[in-house]
Amino acid sequence: LGGSAQAMSALMTTSTPRVDPLHALKADPALAPFLSEDFDGTAYASEVLAGASVAAASTGLADGIAVLDRALKGEVHAHYDQLLAQLGGVGEADRVLAIVRGGVHSLRETMSQVREEMVEPHRAVASKTRQLENLTTTVDTLHRIIRMLKLIARLKEILGASSGGGGFPLDGGRQLSSTQPISGSGRQVGLTTGAATSDLAKAAKMLTDIRELAREGDGDLAGVDIIDRDARWITGAGRDIRARAAAALRAGMDAASQAEVGAALQVYYNLGELTAAVDSQVSALAAAAVDHVREALDPQRLSQAMGGAGGGGGGS
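What comes next concerns the included structure. Remember, it's a predicted structure, so these values are computed and weren't measured experimentally.

About the cut-offs
- Residues numbered from 1 in each chain as written.
- Predicted model: local features only at pLDDT ≥ 70, side-chain atom pairs only at ≥ 80, totals over all residues.
- Heavy atoms only, no water.
- Core = buried A, V, L, I, M, F, W, Y, C linked by side-chain atoms within 4.5 Å.
- Buried < 20%, exposed > 50% of the residue type's maximum accessible area, 1.4 Å probe, protein only.
- Helix = DSSP H or I, 4+ residues; strand = E, 2+ residues; numbered from the N terminus.
- Contact = heavy atoms within 4.5 Å.
- Salt bridge = Lys/Arg side-chain N within 4 Å of Asp/Glu carboxyl O.
- Phe/Tyr/Trp six-rings, centres within 6.5 Å; stacked < 30°, edge-to-face > 60°.
- Lys NZ or Arg CZ within 6 Å of the ring centre and 35° of its normal.
- Patch = residues over 30% accessible without salt bridge, like charges linked within 9 Å, V, L, I, M, F, W, Y side chains within 5 Å.
- Areas by Shrake-Rupley, 256 points an atom, 1.4 Å probe, with all protein chains shown as cover.

Another aspect to go through is the nonpolar core. Grouped together as the largest cluster of nonpolar side chains are 31 residues, with contacts concentrated most on Met148, Leu155, Ile210, Ile241 and Val267. Within the residue set of this core, elements represented by two or more residues are α5 (80-162), α6 (197-215), α7 (225-255) and α8 (258-271). Per element, the largest residue contribution to this core is 9 residues, and it comes from α7. With residues near it in sequence (within four places) discarded, Leu155 still touches Ala203, Met206, Leu207, Ile210 and Trp233.

What follows concerns the pattern of salt bridges. Within this structure, the stated rule accounts for 7 salt bridges. A salt bridge links Glu157 to Arg154; the shortest N-O distance between them is 3.4 Å. Taken as a pair, Glu157 and Arg154 lie in helix α5 at a separation of 3 residues, close to a single helical turn. A relative accessible area of 43% places Glu157 in the partly exposed class.

Turning to the packing of aromatic side chains, a few remarks are in order. Enumeration over the complete set of coordinates arrives at 0 aromatic pairs. Seen from the ring of Trp233, Lys156 lies directly overhead, with NZ or CZ sitting 5.4 Å from the centre.

A separate point is unusual backbone geometry. One non-glycine residue with positive phi stands out, namely Ala256, at about 55°. Mapped onto the elements of the fold, Ala256 is located in the loop between α7 and α8. Judged by relative accessible area, which is 70%, Ala256 ranks as exposed.

Quick look at a nonpolar patch on the surface now. Residues Tyr80, Leu84, Leu87 and Val90 make up a contiguous nonpolar surface patch of about 400 Å² in total accessible area. Counting through the fold element by element, Leu87 comes out in helix α5.

This is how it looks when you write it as structure tokens:
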């Protein structure tokens, strides 16, 4: 290392053209390892200690550092003008950067003012929008309530026009007769036995419209006092209409009247329960037919009938 340092020093002090010190370091086998990208200081120290004394290695490294220091000073001296020019460029860059920073600061302040000017109107618009939504929901609910009250009044009118008097009073003061009490309702509603089935179909359609109207919108109308007062009456009226429809269907089937059966099925259709009613009636008829066949083919009854027929023939 000492010889390499002396060679580098001599190279820097000669009057020959200046040589890049890094090239000289690369050419020197003792200093070239320091330029390696994967240089390992621990491994290098171990190799030096294994092959030479610590004092000689330290002296060589000190000489190399001194050579590099002189080379660095020479480079600075050789490129002094260029370094000054670059230093002036750095100063100009700092000045431009300061201007940009000032502009960014001004832009931030402007954006903050714009944000403050826009936030309050936005909040006001959002508040008015919520109020409008609430008002719209309220108006829609009121429209539904009014429509339902009209439908309920129409249903009461239809049932009242088809009643023959008597019975329990409704909320409106009318009285509807019914031969069958509505269990759990505390009152009786419905049609008289001789009421026209067409009125029953109208009542069924009106009841379905009330039920569908109650399901419209975002929520039901439960909790509205004016609706809750008639909710129990509507439930009882629905049960009574279904009972009357079942009775009319049975009467039509017994009389083998297509018109009466069709009118009764129209009631179930208006209620949205036609399929269930037809299935129930078919099942009932099938069960009745099985019972009649079983009764007709009963061995005991057949033997009694045959015994009775034989006894009658001997007496004659």
